[in-house]
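Architecture and fold: a report
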Amino acid sequence: MEAGTRMIRSGDSEFLATIERSRAACQALSDADDGLKREILTHAGNRWSLGVVYALGAEGTLRHAQISRRLKGITQRMLTRTLRQLERDGLVTRHDHGTVPPHVDYALTELGRGLLEGMIPLWGWVIDNAEKFRAARARFDVESHD
């Protein structure tokens, strides 16, 4: 077994406690809420959603074009779609100033701040384990060269 890799044994009480907390969290939402749970978790795994949430969290209220400049590679259509999804889920607010030319601002809500704050431990974990991921990928690529 590679250094830093730990097999999880069934008698590992700390891990079993984690599994119980995970089970309770999964059961906290009813079966009817399962779709909601998956849709909200999609934001946490979506690069554009997280990019928008981060940009608004780090820089405050921004206009569409300002967000677009901060997210290299996003299309206008994808940004508009992402902002609408985030607004629908209460993570972002949209303020139309009702002017000509149009002036629309986007800001992070308290719920959006909560998503950003909740992602920090996960990002830290990824950073802390990046070398282990690289090593695992390299081993896998060598072992499955078919």
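Read on for an overview of the structure. (Residues numbered from 1 in each chain as written. Predicted model: local features only at pLDDT ≥ 70, side-chain atom pairs only at ≥ 80, totals over all residues. Heavy atoms only, no water.)

1. Re unusual backbone geometry
Omega for the bond connecting Val100 with Pro101 falls within 30 degrees of zero, at -5°, which places this linkage in the cis form. With respect to the helices and strands, the residue Pro101 is situated in the loop between β2 (92-96) and β3 (104-108). (Helix = DSSP H or I, 4+ residues; strand = E, 2+ residues; numbered from the N terminus.)

2. Quick notes on the sheet that holds β2
Ordered by their spatial adjacency, three strands build an open sheet running β1-β3-β2, and the pairing between neighbours is antiparallel. Strand pairing shows two members of the sheet lacking a second neighbour, β1 (62-63) and β2, which therefore form its edges. Judged from the five bridges that link them, β2 and β3 form a sheet pairing that is antiparallel. Bridged to Val92 within β3 is Leu108. (Pairing = 2+ DSSP bridges.)

3. Thoughts on the side chain of Ser49
Along the chain, Ser49 falls in helix α3 (residues 47-59). Leave out the neighbours within four places in its chain, and Ser49 touches His43, Thr82 and Leu86. (Contact = heavy atoms within 4.5 Å.)

4. Brief notes about the pattern of salt bridges
Taken as a whole, this structure holds four salt bridges when the rule is applied. A salt bridge links Glu131 to Arg134; the nearest nitrogen and oxygen atoms lie 3.3 Å apart. Remark: Arg134 and Glu131 occur in helix α7 (residues 130-143); sequence separation between them is three residues, near one turn of the helix. On the accessibility criterion, Glu131 (55% relative accessible area) is exposed. (Salt bridge = Lys/Arg side-chain N within 4 Å of Asp/Glu carboxyl O. Buried < 20%, exposed > 50% of the residue type's maximum accessible area, 1.4 Å probe, protein only.)

5. Describing the nonpolar core
By size, the foremost hydrophobic cluster in this structure holds 21 residues, and its most contacted members are Val52, Leu56 and Ile67. Counting only elements with at least two residues in this core, the list comes to α3, α5 (76-88), β3 and α6 (110-128). When residues of this core are assigned to their parent elements, the largest contribution, six residues, is made by α3. Those residues in contact with Leu56 that sit more than four places away from it in its chain are Leu62, Ile67, Val92, Tyr106, Ala107 and Leu108. (Core = buried A, V, L, I, M, F, W, Y, C linked by side-chain atoms within 4.5 Å.)

6. Some thoughts on a nonpolar patch on the surface
There is a patch of nonpolar side chains on the surface, built from Leu122, Trp125, Val126 and Phe133 and spanning about 360 Å² of accessible area. Sort the elements by how many residues they give to the nonpolar patch and α6 lands first, with three residues. With respect to the helices and strands, the residue Val126 is situated in helix α6. (Patch = residues over 30% accessible without salt bridge, like charges linked within 9 Å, V, L, I, M, F, W, Y side chains within 5 Å. Areas by Shrake-Rupley, 256 points an atom, 1.4 Å probe, with all protein chains shown as cover.)

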